[in-house]
Amino acid sequence: VQLQASGGGLVQAGGSLRLSCAASGRTFSPYTMGWFRQAPGKEREFVAAIKWSADDIYYADSVKGRFTVSKDNAKNMGFLQMNSLKPEDTAVYYCATDRVWYGAPVTSQSRYDFWGQGTLVTVSS
């Protein structure tokens with residue numbers, strides 16, 4: 001499975017960006033797609049997740065109400081719509097998928113087996 005994240009860029013505070021995550025590979029059959037981010041000098045943190053075959057959605061408190069996670073199963077793509085961006089949202093954003101339904105919580109990096117390369121989001125004040 002290969003994941004390709006895209007859509008990052010430079011945006012002013014209050015602006016919006018939409019990240020995409022394209023998946024490829026014959027064995028692509030995840031239970032969850034997660035989004036994480038890593039700001040300079042900080043640990044990678046959970047942002048959002050969506051169950052691939054259900055409507056269960058999860059958000060970090062810091063993005064709830066501003067970010068929306070979605071998916072297109074037919075196209076094997078996931079999306080992260082980011083509105084009302086703040087300078088503290090500046091980070092490299094990663095998408096990730098798992099292989100099994102059990103294991104670590106969706107908020108945990110250890111749950112995920114495949115990771116995209118990351119896309120940089122920079123929010124200026």
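Secondary structure assignment for the protein chain yields 0 helices and 11 strands. Order of helices (α) and strands (β) in the protein chain, N terminus to C terminus: β-β-β-β-β-β-β-β-β-β-β. A globule of 125 residues ought to have a C-alpha radius of gyration of about 14 Å, and the protein chain, at 14 Å, matches this closely. Over its C-alpha atoms, taken along the principal directions, the protein chain stretches across nearly 40 × 25 × 25 Å. In the protein chain, buried positions account for 42% of the 125 residues. Counted over contacts in the protein chain with a minimum sequence separation of 6, partners at least 24 positions apart contribute 55%. If you sum the accessible surface of the protein chain, you get close to 6500 Å²; carbon and sulfur atoms cover 48% of it. Where the 13 positive side-chain charges of the protein chain centre and where its 10 negative ones centre are 4 Å apart.

For Asn-76, which is not a glycine, the phi torsion comes out positive at approximately 55°. By the secondary structure assignment, Asn-76 is in the loop between strand S7 (67–72) and strand S8 (77–82). At Ser-84, a position not held by glycine, the phi torsion is positive, near 50°. With respect to the helices and strands, Ser-84 occurs in the loop between S8 and strand S9 (91–97).

Glancing now at the environment of Gln-117. Locating Gln-117 in the fold gives a position in the loop between strand S10 (114–115) and strand S11 (119–124). The class of Gln-117 is partly exposed, set by a relative accessible area of 41%. Spatially, the C-alpha atom of Gln-117 lies 17 Å from that of Ala-49, the residues being 68 residues apart in sequence. Not counting residues within four places of it along the chain, the set of residues in contact with Gln-117 comprises Leu-3, Gln-4, Ala-5 and Tyr-94. A distance of 2.8 Å separates the side chain of Gln-117 from the backbone oxygen of Ala-5, its partner in a polar contact.

Quick look at the nonpolar core now. If you look at the biggest cluster of nonpolar residues, it comprises 33 residues, and the most contacted ones within it are Trp-35, Val-47, Phe-67, Leu-80, Met-82 and Tyr-93. Those elements that provide at least two residues to this core are strand S1 (2–6), strand S3 (17–24), strand S4 (32–38), strand S5 (45–51), S7, S8, S9 and S11. It is S5 that contributes the most residues to this core, 5 residues altogether. Aside from chain neighbours lying at most four places away, what touches Tyr-93 is Ala-5, Leu-19, Phe-36, Arg-37, Val-47, Phe-67, Leu-80, Met-82, Gly-118, Thr-119 and Val-121.

Okay, the sheet that holds S7 next. The sheet built from 4 strands is open, its strands ordered S1-S3-S8-S7 with antiparallel pairing. Two strands in the sheet have a free side with no partner beyond their single neighbour: S1 and S7. Between one strand axis and the next, the sheet turns by 15° as a mean value, whatever way the strands run. Sheet analysis places S1 next to S3, joined by 5 bridges and oriented antiparallel. When the bridges of S3 are listed, Ser-6 appears paired with Ser-20.

Analysis parameters
- Residues numbered from 1 in each chain as written.
- Predicted model: local features only at pLDDT ≥ 70, side-chain atom pairs only at ≥ 80, totals over all residues.
- Heavy atoms only, no water.
- Helix = DSSP H or I, 4+ residues; strand = E, 2+ residues; numbered from the N terminus.
- Rg over C-alpha atoms; globule rule 2.2 N^0.38 Å.
- Buried < 20%, exposed > 50% of the residue type's maximum accessible area, 1.4 Å probe, protein only.
- Contact = heavy atoms within 4.5 Å.
- Areas by Shrake-Rupley, 256 points an atom, 1.4 Å probe, with all protein chains shown as cover.
- Lys, Arg positive; Asp, Glu negative; His and termini not counted.
- Charge placed at Lys NZ, Arg CZ, Asp CG, Glu CD.
- Polar contact = N/O pair within 3.5 Å; in protein donor to acceptor, adjacent residues only side chain to side chain.
- Core = buried A, V, L, I, M, F, W, Y, C linked by side-chain atoms within 4.5 Å.
- Pairing = 2+ DSSP bridges.
- Axes fitted to C-alpha atoms, helices over the stretch in contact; angles between N-to-C directions.

The values are spatial; any link to function lies outside them.
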